[in-house]
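Descriptive structure summary
Below are the chains, spelled out letter by letter.
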Amino acid sequence: TLNPENTQRGQRWAVRVRATDGALSGPTAEAQVDIVNARPTASVTVAPERPTSLEDLRAVADGTDEDGDGLRYRYSWSVDGAVIDHNRAVLPAALTRKGERWTVEARADDGIELGEGAEATVLVGNAAPVIAGVAVRPDAPRVMDPITAAVDVSDPDDDPLEVVYTWFVNDE
């Protein structure tokens, strides 16, 4: 058995064998083999693990190559089973919607051969409503003046909103 630590891609190894019975030796036989590229492997996760529709999805790939070749990764994204035309590690939040199931496939490429794909899937969750601003009117009320609050609020997922107002006096 040849120690695999002694082999490198592109080498041609040969073995020559001869059998002996202690008194006589038979003819020799020979065989050879070429050491080929070791196919790279990959693993992938998606960050964040529980995204909302406001967060970019980021594929985090890792891989190994027994030959020690440097690796690059190829990405393919799909939503609810349908492949989309996007091949980058980061999927912009603008492409996602609440309730969608996104899967990324990452394949390691050692420059010679493309490895098998590894997949990770996340479900896009609900994003909290966003308050862009709140104003109290009038600016300088007098006793007995009605005071109102106006709020500029939106929901990234277009969910129906309920705004709850809580009034307090002197920070209490």
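Description of the structure in this document.

What counts and how
Residues numbered from 1 in each chain as written. Predicted model: local features only at pLDDT ≥ 70, side-chain atom pairs only at ≥ 80, totals over all residues. Heavy atoms only, no water. Pairing = 2+ DSSP bridges. Helix = DSSP H or I, 4+ residues; strand = E, 2+ residues; numbered from the N terminus. Buried < 20%, exposed > 50% of the residue type's maximum accessible area, 1.4 Å probe, protein only. Contact = heavy atoms within 4.5 Å. Phe/Tyr/Trp six-rings, centres within 6.5 Å; stacked < 30°, edge-to-face > 60°. Polar contact = N/O pair within 3.5 Å; in protein donor to acceptor, adjacent residues only side chain to side chain.

1. Overview of the sheet that holds strand β5 (residues 72-79)
Sheet strands pair via backbone hydrogen bonds, and the direction of the pair is either parallel or antiparallel. As summarised here, the arrangement of the four strands in space is β6-β5-β8-β9, forming an open sheet in which the pairing is antiparallel. Strands with a single pairing partner mark the edges of an open sheet, and in this sheet they are β6 (82-83) and β9 (114-123). In this structure, β5 lies alongside strand β8 (residues 101-109), joined through eight bridges in antiparallel fashion. Note on β8: the bridge partner recorded for Tyr73 is Ala108.

2. Comments concerning unusual backbone geometry
Note that the residue after Ala47, namely Pro48, is joined by a cis bond; omega there is -5 degrees. With a phi close to 60 degrees, Asp158 is a non-glycine residue in the positive phi region. Examined against the element boundaries, Asp158 turns out to sit in the segment after β11 (148-154). Asp158 sits in the exposed class, given a relative accessible area of 70%.

3. Focus: the environment of Ala106
Assignment of secondary structure puts Ala106 in strand β8. Sequence separation between Ala106 and Ala118 is twelve residues; the distance between their C-alpha atoms is 5.4 Å. Excluding residues within four positions of it along the chain, Ala106 makes contact with Ala42, Val44, Ala61, Arg74, Tyr75, Glu116, Gly117 and Ala118.

4. Quick look at the packing of aromatic side chains
The way to describe two aromatic rings as a pair is by their centre distance and the angle between their planes. If you walk through the whole model with that rule in mind, you get one aromatic pair. Geometrically, the ring pair formed by Trp77 and Trp102 is edge-to-face, given 6.4 Å between the ring centres and 70 degrees between the ring planes. With Trp77 in strand β5 and Trp102 in strand β8, the pair connects residues that are 25 residues apart, well separated along the chain. Pair check on accessibility: Trp77 and Trp102 agree, each one buried.

5. Details of the sheet that holds strand β3 (residues 41-47)
The antiparallel open sheet is built from three strands, whose spatial order is β3-β4-β7. Whereas interior strands pair on both sides, the edge strands pair on one side only; in this sheet they are β3 and β7 (90-91).

6. Some details on the side chain of Asn37
Looking at the secondary structure, you find Asn37 in the loop between β2 (25-34) and β3. At 2.9 Å, the side chain of Asn37 and the side chain of Asp110 are in polar contact. A distance of 3.1 Å separates a polar atom in the side chain of Asn37 from a polar atom in the side chain of Glu113.

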